[in-house]
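# Coordinates in review
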Amino acid sequence: MELIKPSFGLIFWMLLGFGILFFILAKFAWPVITKGIANRNKKIQDQLDEAARVHAELENLNTKHEEMLATAKAERDEILAEARKISDNIQETAKLKADAEAQAIIEEAKKAIHFEKMKAMTDVKNEIANLSIEIAEKVITEDLSDKQKQERLIEKWVEESNLN
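Residues numbered from 1 in each chain as written. Predicted model: local features only at pLDDT ≥ 70, side-chain atom pairs only at ≥ 80, totals over all residues. Heavy atoms only, no water.

### Looking at the overall build of the chain
Scanning the chain for helices and strands turns up 2 helices and 0 strands. For the chain, whose C-alpha radius of gyration is 63 Å, the value lies well above the compact-globule estimate of 15 Å for 164 residues. Over its C-alpha atoms, taken along the principal directions, the chain stretches across nearly 190 × 35 × 15 Å. Among the 164 residues that make up the chain, the fraction classed as buried is 1%. When the accessible surface of the chain is totalled, it reaches about 15,200 Å², and 64% of it is carbon and sulfur. Averaging the locations of the 24 positively and 30 negatively charged side chains of the chain gives two centres separated by 14 Å. (Helix = DSSP H or I, 4+ residues; strand = E, 2+ residues; numbered from the N terminus. Rg over C-alpha atoms; globule rule 2.2 N^0.38 Å. Buried < 20%, exposed > 50% of the residue type's maximum accessible area, 1.4 Å probe, protein only. Areas by Shrake-Rupley, 256 points an atom, 1.4 Å probe, with all protein chains shown as cover. Lys, Arg positive; Asp, Glu negative; His and termini not counted. Charge placed at Lys NZ, Arg CZ, Asp CG, Glu CD.)

Listed below in structure tokens is the structure:
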């Protein structure tokens with residue numbers, strides 16, 4: 001029963017031992033423990049502050065990245081629009097140049113056709129003139145007092161002249 005009901009001496013020595021232990025702990029251990037806890041709290045707070053600063057910096061970098069991306073997209077769109085405009089101008093210039101060249105070729109062809117037509121007409125007129133002169137020579141050399149003589153003479157000339 002001693003353990004269930006301790007004696008006064010045991011209680012006294014237990015309290016004295018606890019008091020001395022409490023005094024030693026209060027004098028030597030608790031300041032070190034509280035200092036260690038304070039240092040640990042300060043270190044944790046510094047790390048939280050650093051994490052918050054890094055997070056804010058990351059947000060700032062993210063914002064800058066998005067702005068740069070938007071700027072790059074805008075520049076890309078502007079460059080593409082300018083390239084399209086230049087391409088359209090080049091195509092329009094090429095089309096106008098091709099049309100002008102085609103028109104020049106058509107004009108040259110018309111001039112050549114007109115020249116050939118005039119040459120053919122001149123050749124036909126010269127041929128008609130030559131035939132007329134030949135007919136006139138033959139008419140002058142022949143006596144055409146009679147109508148039957150005239151008809152035979154015409155038939156003879158037609159057979160002699162190959163108009164093919």
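### Examining the layout of surface pockets
One number sums up the size of the largest pocket: a volume of about 180 Å³. Taken together, the elements giving at least two residues each to the lining of the largest pocket come down to helix 1 (8–141) and helix 2 (147–160). Residue composition of the lining of the largest pocket, grouped by class: 6 nonpolar, 1 polar and 3 charged. (1 Å grid on protein atoms, 1.4 Å probe; cavity = no way out; pocket = protein on both sides within 12 Å on 5 of 7 lines; lining within 4 Å. Points joined across faces, edges and corners; volume = space filled by probe spheres on them. Nonpolar A, V, L, I, M, F, W, Y, C, P; charged D, E, K, R; others polar.)

### Topic: the pattern of salt bridges
Within this structure, the stated rule accounts for 4 salt bridges. Note that Lys-42 is salt-bridged to Asp-46, the shortest N-O span being 3.4 Å. Of this pair, Lys-42 and Asp-46 both sit in helix 1, 4 residues apart, roughly one helical turn. The exposed category is assigned to Lys-42, whose relative accessible area is 51%. Classification of Asp-46 as partly exposed rests on a relative accessible area of 39%. Bridged by salt links that share partners, the residues Glu-50, Arg-53 and Glu-57 form one connected network. (Salt bridge = Lys/Arg side-chain N within 4 Å of Asp/Glu carboxyl O.)

### Here's the deal with a negative patch on the surface
There is a patch of like negative charges on the surface, built from Asp-123, Glu-127, Glu-134 and Glu-137. If you trace the backbone, Asp-123 turns up in helix 1. (Patch = residues over 30% accessible without salt bridge, like charges linked within 9 Å, V, L, I, M, F, W, Y side chains within 5 Å.)

### Considering the packing of aromatic side chains
A complete count under the given rule lists 3 aromatic pairs for this structure. Taking 5.3 Å as the distance between ring centres and 70° as the angle between the ring planes, the aromatic pair formed by Phe-12 and Trp-13 counts as edge-to-face. Look at Phe-12 and you get partly exposed, because its relative accessible area is 43%. By relative accessible area, Trp-13 is classed as exposed at 58%. Considering the side-chain rings of Phe-22 and Trp-30, the 4.9 Å spacing of their centres and the 80° angle between planes classify their relative orientation as edge-to-face. Residue Trp-30 is classed as partly exposed on the basis of its relative accessible area of 37%. (Phe/Tyr/Trp six-rings, centres within 6.5 Å; stacked < 30°, edge-to-face > 60°.)

### Description of a nonpolar patch on the surface
There is a patch of nonpolar side chains on the surface, built from Phe-8, Phe-12, Trp-13, Leu-16, Ile-20, Phe-23, Ile-24 and Phe-28 and spanning about 950 Å² of accessible area. Here Ile-24 is to be found in helix 1. Under the relative-accessibility criterion, Ile-24 is labelled partly exposed at 41%.

### Quick notes on the environment of His-65
Considering the arrangement of structural elements, one finds His-65 in helix 1. The class of His-65 is partly exposed, set by a relative accessible area of 47%. For the pair His-65 and Leu-153, spaced 88 residues apart in sequence, the C-alpha separation works out to 109 Å.

### Regarding the environment of Asp-77
Along the polypeptide, Asp-77 turns up in helix 1. With 69 residues separating them in the primary sequence, Asp-77 and Phe-8 have C-alpha atoms 95 Å apart.

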